[in-house]
Every structure is written in structure tokens, then in C-alpha cells.
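Secondary and tertiary structure notes
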Amino acid sequence: MLISSHSQLYHLSISINCIIKQCKTINQLKQIHAHSVAKGLISHNTCSSQILTKLLYSLTTKITHKPSSSLLHYAVSIFTTIQNPSKFSYNIIIRLHILHSSPHSALQFFLQMRRSSVLPDFHTYPFALKACANIGNISLAQSLHCQLLKFGFLSDLYVTNSLIHLYSLSNCLSDAHQVFDESSDRDVVSFNAMIDGFVKGGDLVQARAVFDRMPVRDSVSWGTLVSGYAQGSCCVEAIELFDLMMDLKVVPDNIALVSVLSACAQLGELEKGKKVHDYIERNRIRVDSFLSTGLVDFYAKCGCIDTALEVFELSSDKSLITWNAMLVGIAMHGHGQLLLNYFSRMINAEVKPDGVTFLAVFVGCSHGGLVNEARKLFDEMECVYGVSRELKHYGCMADLLGRAGMIKETMEMTKGLPMGGDMFVWSGLLGGCRIHGNVEIAEKAAKQVMELKPEDGGVYSILASVYANAERWEDVVKIRRLMSGNKVVKKNSGRSLIQLDGVMHEFLAGDSSHARTDEMHMILEGFSEHQCEVW
């Protein structure tokens, strides 16, 4: 029998609200909801909104990660039964959609809120601004900015920081800087948002200027700038800033640690990177997947592939990025069969490969001459592993087949490529022609490379070498004259860095025929840049 007495309803709703506060799981909340419906409380406007709002709030507080779709739908079903939702209820449902990475739905509820004449508050706008940032809607963000000015909400530090973050993330750095400068109340989050914006925009000078102005810095401030220097190839500055951080006894976060390891890897600073590793072990810092990836990448690039393998094996948290770092390292050291063994282990561990995985595999197979194995995996990429082929994958295969002397097969592969292929594809083919003396196809490949990148001197040198090997000296002279007349840029020589007794020694390669190998390594170098962005 449903309860009808207002007094009974009031006391029962109070009891249910107390029980809601004591709930520890989502299932317990659902049981309370079912009990409220069975007792007829939800059908009474006097307490239904209060109970449902508390349910929504409790749902939010119980979520420590991204809510599932079923949980989000349940929250929406509760919200839709609330008559005349309050701004508190709207804030909760908008926040849940932000947590679920559903910015469009979050903005729909914000629009519904405005149309219902429910005024947003200081909590509403940061959610709406974050939704705009996630979808990159600058025009809507500017409209919200106008509302903030109109309602006087820019005096709130949380709102201002959200706006700065939005503009920074959208690369509207002048707008972000204007909001930052006009703000009367700034904290470390405000400064960090500006530093992050300038770092992402590639303006490290401005990022350092903001950093130097900070009255108080936290680990995020230091880590963001160290990361920016490492990503911007300002590796010396990254290491110097990290050293200053250590001198000031600032505890680095994993972003700073991974970034300084990346800088050490780029410079070949093995001893410095080892000290960073020692610091991690001495302070018992948890080595998560990102940090283990940074260590593997560092040791592999510094030539310590055995240490990289050891770090990898000791890692208890191996993500796809960690596996890729290991595969890339093995590929760069030319251990083709070992690479295939680790690829098999990765598949057996049920880690789904991506495009970077196959780039590493093909480069490793190319150096090891594992033609059949590479062909098999190339054929299985899409149908077995669900990874789309890109031009870089075709470029690796062209390099592999060219090395093996399968020039005609490589030419057949290029016929169906989008836009006829790219630099990597034709450079791989050209390199194979140089090794096996195929002048006719070398000329075709060189023509394609010259059209794609006429200023690159490497292709002229390789074609001249092909002519020289065929004793076509007149053609050698023509190529040299063409190179001089077109004012092409001479390809930078390959270099190796070796550290002996704390001193870095650099060796330059004068043979431009290494261009093809350099370009294959450029593919793998791009993986490290991607890593920094992810980290």
C-alpha cells in the first residue's frame, strides 16, 4: 500500500536520504532507487526531486574513472524524471557527460538549461568550456566568454583558468594571454595553463618567460617546460632545467622524468640518463608504462639494447607504447629474428598492434633480410590485425624488397598506391636499384623523388652513384651539373655519437648512399616524437 501521509512521506524521504549517503556501491544506490519507487516516493513532487538529485550526486561521487554507457544512461533516466531540475542537477548531469567524454551531449544539456531559464553558476561554465575544448568549437567558446563577462563570472579563478586552458588548447594563444593578463587573481594553475599552451604552440621562449614570472611553481610547471624543451629538440635546455629542478629539491613527476630521458636519448647522454634511472630506483618511484617506455627508449637509442631488454622484462605494466618502444629499439639494432619473437609475444599477450608496431617490424625485417616474414605480416596487417596500411608501411616494404633485389615486384606494388607513392616508397626503390645496378628503374624512381622533393640533394647523389657503377660517366656529369644548377641542398651527413670517459665524440658519415637507411630510421624517430606528445 502506497504511503499518502505528508508526514510519513517527509520522514521516509529523510530516512532514504540518510541511507543514500551511506551507500558504498552503485548497486546499493539502485536498490534505494527501486525502494523509493515501490514506496511511491518518486510519484510525489515534494520529495522526488530531492531524492533523485541526491542519487545523481551520489552516482558522481562513486565514480573514480570514466562512467560506463549503461551507468550514464541510468543517470539520464533519473534526470529526466526530475520535474524542474535545479542548477545543481544540471551541473551533475553535464559533469557526468564530460567524464564520459561526451562533450556534445554535455553541451545539449547546457543548452536545455539555458532554455529552461535556469541560470548557470560558477560550476556550470567550467564544464561547458571543457566541452567546447574537447570538440574544438571556438565560436561557441567565444559566446560563452561573452556570457561570462555579462554575468561577471570572470572574477572566479576556476572559471578563468578553464577559459585560459580552452584558448591554449585551441591554439588561440593571444586570447589566452589576454584573459591571463586581465585576470586579477592568478594561481599556479593559471600559469601552468599558459605554459602548456605556449609549449603546444611551439613558442618555448614565451613558455620560459611565463615560467620565470611564476611566484610559486609546482612539479607540473617544471615537467611541462622540460617536456616542451625535449619535444622541441632543445635537449641541452631540457637537461639543464631538470638539473636546476633537482638542485632546488623539487620532486619531479613522471612527465619530467620521461622528458629528460628523451633529451638524454637524443643527445646520447648515456651517463646522465643512467643517473636519472638511479634516481628513480633510489626514490622507489613507481615505474608505470610511460616511465618504463621512456627507459626502454633511452637505453635502446644509446646503444644499450641489452639493458633496454632488461628494463622491459622487469616492467609489470607493459602498454602498447611500451611494446612499440621495445620493438623499435630492436629494429634499430638490426635484430630481425629477435624482433619477430617479441612481436609474437606481444600478440600472445593480447596486445593489439598499431601502425607503429608494423613500421618497427618491417624496418627490422629489412635490416635482417627477412623478406618472406615481412611479406606475410604485410598481407595480414588489415585482414588479421585490423591495422590500415599507410604510405610509410609501403615505403618500408619498398626498402626491404629493394634490398633483396626484387625491383620489379616493388614497381608493381607502387602502381596501386594513393597519389603514386611518397618519398619513402620511391627512396626505398631507388636504394635497391643502386645496390643491384638497375639503371632504368633507378631513373624512374629518382624522377619521382625529385618531383616530390626537388631540393633534396640525396637523390642526385644516389643517382650519380648508380650511373658511376654502370660507367655512364656522361650521365654522372649531367647529374652533378643539374644538382649545381638547381641549387639543391646537400644532404646532411649521418652522424654517430659515442661517449667515452664523459666526453661526447661525434662521427660523420661521408657516404651519401646511406640516405635510404637514414630515411628508414627517420620513420622510427617519428615514433619517439609521438611518444613525447602522448606522455
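Residues numbered from 1 in each chain as written. Predicted model: local features only at pLDDT ≥ 70, side-chain atom pairs only at ≥ 80, totals over all residues. Heavy atoms only, no water.

Here we look at the overall build of the chain
If you tally the helices and strands in the chain, you get 29 helices and 2 strands. A sequence separation of at least 24 residues applies to 61% of the contacts in the chain between residues at least 6 apart. In the structure as shown, the chain presents an accessible area of about 26200 Å², 52% of it carried by carbon and sulfur atoms. (Helix = DSSP H or I, 4+ residues; strand = E, 2+ residues; numbered from the N terminus. Contact = heavy atoms within 4.5 Å. Areas by Shrake-Rupley, 256 points an atom, 1.4 Å probe, with all protein chains shown as cover.)

Focus on the pattern of salt bridges
Considering all chains together, one arrives at 11 salt bridges under this definition. Notably, a salt bridge pairs Arg403 with Asp399, separated by 3.0 Å at the nearest N-O pair. Placement of both Arg403 and Asp399 in helix H23 (residues 391-403) is noted, with a separation of 4 residues, approximately one turn of the helix. By relative accessible area, Asp399 is classed as buried at 1%. The partner of Arg472 in a salt bridge is Glu443, and the shortest N-O contact between them spans 3.3 Å. Remark: Glu443 occurs in helix H26 (residues 439-452) and Arg472 occurs in the loop between helix H27 (458-469) and helix H28 (473-485); sequence separation between them is 29 residues. For Arg472, a relative accessible area of 32% corresponds to the partly exposed category. Put simply, Glu443, Arg472 and Asp475 are held in one network by salt bridges that share partners. (Salt bridge = Lys/Arg side-chain N within 4 Å of Asp/Glu carboxyl O. Buried < 20%, exposed > 50% of the residue type's maximum accessible area, 1.4 Å probe, protein only.)

Describing the packing of aromatic side chains
With the rule as written, the count across this model stands at 17 aromatic pairs. An angle of 80° between the planes, with centres 5.3 Å apart, marks the rings of Phe378 and Tyr394 as edge-to-face. Placement of the pair is Phe378 in helix H22 (residues 371-383) and Tyr394 in helix H23, with a sequence separation of 16 residues. Owing to a relative accessible area of 8%, Phe378 belongs among the buried residues under this scheme. Since its relative accessible area comes to 16%, Tyr394 is described here as buried. Here a set of aromatic residues connected by ring pairs shows up, and it is made of Phe343, Phe358, Phe362, Phe378, Tyr385 and Tyr394. It is Lys318 that lies over the ring of Phe312; its NZ or CZ is 5.2 Å from the centre. (Phe/Tyr/Trp six-rings, centres within 6.5 Å; stacked < 30°, edge-to-face > 60°. Lys NZ or Arg CZ within 6 Å of the ring centre and 35° of its normal.)

Quick notes on the environment of Val76
Its location among the elements puts Val76 in helix H4 (residues 69-80). The sequence separation of Val76 and Leu96 amounts to 20 residues, and the corresponding C-alpha distance is 9.4 Å. Among residues more than four places away in sequence, those in contact with Val76 are Ile93, His97 and Phe109.

Some remarks on the nonpolar core
Of all hydrophobic cores here, the largest spans 123 residues; its most connected members are Met326 and Phe362. In this structure Met326 touches Val296, Ile305, Ala308, Leu309, Phe312 and Tyr342, once residues within four positions along its chain are discounted. Residues Met411, Ala446, Leu463 and Met483 belong to the second largest nonpolar core, which totals 24 residues. (Core = buried A, V, L, I, M, F, W, Y, C linked by side-chain atoms within 4.5 Å.)

Things to note about the environment of Arg375
Structurally, Arg375 is set in helix H22. Beyond its immediate sequence surroundings of up to four residues, Arg375 is in contact with Met397, Leu401, Met406 and Glu409.

So, helix H13 (residues 219-231)
When the terminal C-alpha atoms of H13 are compared, their 18 Å separation across 13 residues agrees well with the 18 Å that a helix rising 1.5 Å per residue should span. Ser221, Trp222, Gly223, Thr224, Leu225, Val226, Ser227, Gly228, Tyr229 and Ala230 are the residues of H13 that are buried. The inward-facing, buried residues of H13 contact helix H11 (188-200), helix H12 (204-213), helix H14 (235-247) and helix H15 (254-267). Its side-chain oxygen at 3.1 Å from the backbone nitrogen of Val220, Asp218 defines the N-terminal cap of H13. (Expected span 1.5 Å × (residues − 1). Polar contact = N/O pair within 3.5 Å; in protein donor to acceptor, adjacent residues only side chain to side chain.)

Overview of the side chain of His277
One can find His277 in helix H16 (residues 270-282). Once you skip the residues sitting within four places of it in the chain, His277 turns out to touch Leu295, Tyr299 and Val311.

Looking at the packing of helix H8 (residues 138-151) against helix H9 (residues 157-169)
Where H8 meets H9, the closest approach of the two axes is 12 Å, and the angle between their N-to-C directions is 155°. For the element pair H8 / H9, the angle class is roughly antiparallel. Read as a crossing pair, H8 and H9 show a hand that is left-handed. Of the residues in H9, those touching H8 at Ala141, Gln142, His145 and Leu148 are Val159, Leu163, Leu166 and Tyr167. Partitioning the contact of H8 with H9 into residue classes produces 6 nonpolar, 2 polar and no charged. (Axes fitted to C-alpha atoms, helices over the stretch in contact; angles between N-to-C directions. Parallel < 35°, antiparallel > 145°, perpendicular 65-115°, else oblique. Left-handed = near helix turned anticlockwise from the far one by under 90°. Nonpolar A, V, L, I, M, F, W, Y, C, P; charged D, E, K, R; others polar.)

Regarding the confidence of the model for the chain
For the chain, the mean per-residue pLDDT works out to 83, and 80% of the residues sit at or above 70. Low confidence marks residues 510-517, where pLDDT is under 50. Its contacts with residues over four positions away, or in another chain, come to 15 contacts. (pLDDT = per-residue confidence, 0-100.)

Comments concerning the environment of Arg286
Here Arg286 shows up in the loop between H16 and helix H17 (289-301). Separated by 32 residues in the primary sequence, Arg286 and Asn254 have C-alpha atoms spaced 9.1 Å apart. Excluding residues within four positions of it along the chain, Arg286 makes contact with Asn254, Leu291 and Asp317.

A closer look at unusual backbone geometry
The residue Lys249 is not glycine, and still its phi comes out positive at about 60°. Its place among the elements puts Lys249 in the loop between H14 and H15.

Thoughts on the state of the cysteines
Inspection of every chain in the model, using the stated rule, returns 0 disulfides. Cysteine Cys264 shares no disulfide, and the gap to the nearest cysteine sulfur, in Cys302, comes to 7.4 Å. Taking the relative accessible area as the measure of exposure, Cys264 reaches 0% and is therefore buried. (Disulfide = S-S within 2.5 Å.)

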